[in-house]
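Chain and residue survey
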Amino acid sequence: MPMLKEVAFYAELEDARRPRGSGKHPFSQAWSSGGLTREQLGQWAVQHYYYISAIPQQFAALYARMPDPQGREMLMENLAGEEPPHEPEKSHPRLLLKFARACGLTDEDVTGAEIRGDILPGTRAMRAWIWELATLRPINEACAGIMVALEGQLPTLYPGYISAMEKLGFTDDELEFFHVHVENDDEHAEVGLQLCHRFSDTPDRQKMAVQAVRGSAGLRYDMLSEIQASLETSQAA
């Protein structure tokens, strides 16, 4: 298979996340249609916090491996967005904690979930996969699997969540975690596409980047399935 040109490669990467995109998951559809309670959203936040709390460190690890200055500059903007150096209260993990409090949880309910044994296997797998991408996988696969596959979904996924939660009475301040991803992640995904293209300089590397997108999208879909099953089990009990 010959090398794909830039536009065709971008399309291939974006298409790879669609078959198991989070927006197609029944849990996401229930969320967007107003079918989840504050308590259920809080339980999602517990799992999601474990998954994303290491993202600033993971981006820092990827930044440290980036071989050229322009690439590092592009990644630094992502890293500063995840953990603003002059506004620590705006770090994404802290914004998620604020949302969890609005769902009725304490910070310890969220941050202590691992020591209580409440973290689901799919959530652990998701976080471990991001560490693998950030620290071990080639740069093109890391950018594809993190920025294209995951950040690239959020600008279209989160608006439906926000609309449903506004109807539940959540304020814009409580939903800041979701708003910042809608505002910023189109740009982050574009950076991921550019970096992925730069470092996918053979047909095989292009193929592996596409597979990284599929892997990330599939793992996040499976994580949502486990969260949904856990909620259904709790409800039945």
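These remarks concern the structure in this document. On a predicted model such as this, the values are computed, not experimentally measured, just so you know.

Some words on the pattern of salt bridges
Any two side chains of opposite charge can pair, so long as their charged atoms come close to each other. Overall, the coordinates contain 13 salt bridges when judged by the stated rule. For aspartate 222, the salt bridge goes to arginine 20, with nearest N and O atoms at 2.5 Å. Of this pair, aspartate 222 sits in helix H13 (residues 203-236) while arginine 20 sits in the loop between helix H1 (6-16) and helix H2 (26-32), and the two are 202 residues apart along the sequence. The partly exposed category is assigned to arginine 20, whose relative accessible area is 35%. Of the charged contacts, one joins arginine 137 and glutamate 132 as a salt bridge, the two residues approaching to 2.9 Å between their closest N and O atoms. Among the ionic contacts, a cluster of salt bridges with common partners joins Lys90, Lys98, Asp173 and Glu176.

Details of helix H4 (residues 55-65)
Turning to H4, its buried residues number three or more, namely Ile55, Pro56, Gln58, Phe59 and Leu62. In a view along the axis of H4, the buried residues occupy a sector of 160 degrees, so they form one face of it. For H4, the exposed residues set more than 90 degrees away from the buried face come down to Gln57 and Ala64. Taken together, the buried residues of H4 touch helix H3 (38-52), helix H5 (69-82), helix H9 (121-135) and helix H10 (139-148).

Things to note about the packing of H4 against H5
Interhelical geometry of H4 versus H5 gives an angle of 170 degrees and a closest axis separation of 9 Å. In terms of axis orientation, H4 runs roughly antiparallel to H5. Residue-level contacts link Ile55, Pro56, Phe59, Ala60, Leu62 and Tyr63 of H4 to Arg72, Leu75, Met76, Asn78, Leu79 and Glu82 of H5. Split by residue class, the contact of H4 with H5 holds 9 nonpolar, 1 polar and 2 charged.

Let's talk about the state of the cysteines
Inspection of the entire model under this criterion finds 0 disulfides. Here cysteine 143 is not cross-linked by a disulfide; its sulfur's nearest cysteine counterpart is in cysteine 196, at 6.7 Å. We classify cysteine 196 as buried; its relative accessible area is 0%.

Cut-offs and rules
- Residues numbered from 1 in each chain as written.
- Predicted model: local features only at pLDDT ≥ 70, side-chain atom pairs only at ≥ 80, totals over all residues.
- Heavy atoms only, no water.
- Salt bridge = Lys/Arg side-chain N within 4 Å of Asp/Glu carboxyl O.
- Helix = DSSP H or I, 4+ residues; strand = E, 2+ residues; numbered from the N terminus.
- Buried < 20%, exposed > 50% of the residue type's maximum accessible area, 1.4 Å probe, protein only.
- Arc of directions from axis to C-beta.
- Contact = heavy atoms within 4.5 Å.
- Axes fitted to C-alpha atoms, helices over the stretch in contact; angles between N-to-C directions.
- Parallel < 35°, antiparallel > 145°, perpendicular 65-115°, else oblique.
- Nonpolar A, V, L, I, M, F, W, Y, C, P; charged D, E, K, R; others polar.
- Disulfide = S-S within 2.5 Å.

Remember that the coordinates give geometry; whether it matters functionally is a separate question.
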